[in-house]
Amino acid sequence: MSEIEKKVYAQKLTPKMLKKSKLLTNRHQILEHLPKNGVGIEIGVLGGDWSCHLLQITVPSELILADTFNSNDYAHKNRFVKKTHEFYIKTKFETHGDKVKVMKGLSWDTLATFPDHYFDWMYIDAAHDYECVKKDLKEAIRVLKPDGYIIMNDYIMYDHFTKEEYGVVQATNEFMVEHNFEMLFFALHPEMFCDVVIKKIQE
Ligand SMILES: C[S@@+](CC[C@H](N)C(=O)[O-])C[C@H]1O[C@@H](n2cnc3c(N)ncnc32)[C@H](O)[C@@H]1O
């Protein structure tokens with residue numbers, strides 16, 4: 001698919017898919033709308049800051065933290081270097097015992113290890129290029145419960161800081177069209193690295 005075709009496809013969300021959409025001031029508000037005591041996964045955890053909020057507010061029965069653990073931390077935090085990334089996260093969440101599982105690997109490979117309809121919600125925030133997001137979503141549809149929620153972070157086409165193209169908008173919108181999903185929430189971000197919450201339309 002060409003770049004132009006991707007953009008055209010991205011515009012094909014129908015009014016029905018946006019009928020229930022609500023605008024939120026920030027992504028923290030999303031957490032109040034996720035089911036409590038569910039099984040969740042954060043795909044792309046970096047320093048585990050957001051993981052703490054996911055844990056605290058959604059009180060999951062199980063939380064998977066999936067990452068390649070091959071990243072440097074945010075420069076202003078610098079809590080780990082690449083080779084200690086996994087160790088840092090494992091140590092940070094060790095008091096939660098079996099409830100928090102840390103899984104190292106490419107996101108789509110990690111998702112492929114789960115049975116069908118395993119997750120109540122999935123927070124997707126790993127690689128942001130079109131092909132990688134497509135691969136994440138291809139696995140997500142299998143492992144998500146039929147009434148489960150997907151939250152896509154960085155729903156933006158371009159990172160205006162790093163000057164990188166993102167494919168999150170195109171891949172998400174295509175996924176919504178292909179699988180008959182609706183957008184329930186659009187959560188703003190100060191620099192417009194917004195989140196969207198999508199769910200299969202329950203006919
Ligand atoms: C933007 S950070 C995640 C931030 C975190 N979700 C938060 O909100 O604080 C992206 C993370 O995804 C990881 N990552 C990137 N591509 C990945 C892939 N294909 N599979 C697994 N993890 C990946 C990186 O190592 C990095 O830690």
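Description of the structure in this document.

So, how was this worked out
- Residues numbered from 1 in each chain as written.
- Predicted model: local features only at pLDDT ≥ 70, side-chain atom pairs only at ≥ 80, totals over all residues.
- Heavy atoms only, no water.
- 1 Å grid on protein atoms, 1.4 Å probe; cavity = no way out; pocket = protein on both sides within 12 Å on 5 of 7 lines; lining within 4 Å.
- Points joined across faces, edges and corners; volume = space filled by probe spheres on them.
- Nonpolar A, V, L, I, M, F, W, Y, C, P; charged D, E, K, R; others polar.
- Core = buried A, V, L, I, M, F, W, Y, C linked by side-chain atoms within 4.5 Å.
- Buried < 20%, exposed > 50% of the residue type's maximum accessible area, 1.4 Å probe, protein only.
- Helix = DSSP H or I, 4+ residues; strand = E, 2+ residues; numbered from the N terminus.
- Contact = heavy atoms within 4.5 Å.
- Phe/Tyr/Trp six-rings, centres within 6.5 Å; stacked < 30°, edge-to-face > 60°.
- Lys NZ or Arg CZ within 6 Å of the ring centre and 35° of its normal.

In this section: empty space enclosed by the protein. Following the criterion strictly, the structure yields one cavity of 30 Å³ or more and no others. Considering the residues around the largest cavity, the lining is formed by Ile124, Asp125, Ala126, Ala127, His128, Val133, Asp136, Met152, Asn153 and Val168. Within the lining of the largest cavity, the residues separate by chemical class into six nonpolar, two polar and two charged.

Bringing the layout of surface pockets into the picture now. By volume, the largest pocket is sized at about 1,200 Å³. Lining the largest pocket are 44 residues, with Leu46, Tyr74, Asp125, His128 and Asp154 positioned closest to its centre. Partitioned by chemical class, the residues of the lining of the largest pocket number 16 nonpolar, 15 polar and 13 charged.

Counting residues in each nonpolar core, the largest one holds 34 residues, and the members touching the most others are Phe119, Met122, Leu137 and Ile150. For this core, the secondary-structure elements that each account for two or more residues are strand E2 (39-43), strand E3 (62-67), strand E5 (119-124), helix H7 (130-143), strand E6 (144-152), helix H8 (168-179), strand E9 (181-187) and strand E10 (195-200). Residues contacting methionine 122, with those up to four places away along its chain left out, are Ile41, Ile43, Leu111, Ala140, Val143, Leu144, Tyr149, Ile150 and Ile151.

For any two aromatic rings, the description comes down to two numbers: the centre-to-centre distance and the angle of the planes. Overall, the coordinates contain eight aromatic pairs when judged by the stated rule. Ring geometry for tyrosine 118 against phenylalanine 119: centres 5.1 Å apart, planes inclined by 80°, an arrangement best described as edge-to-face. By relative accessible area, which is 25% here, tyrosine 118 ends up partly exposed. For the ring pair phenylalanine 175 and phenylalanine 181, a centre distance of 4.9 Å and an interplane angle of 65° mean the geometry is edge-to-face. Comparing phenylalanine 175 with phenylalanine 181 shows no difference in burial state: the two are buried. Ring pairs connect the aromatic residues Phe114, Tyr118 and Phe119, which therefore count as one cluster. Here the basic side chain of arginine 27 rests over the ring of tryptophan 50, its NZ or CZ set 3.8 Å away from the ring centre.

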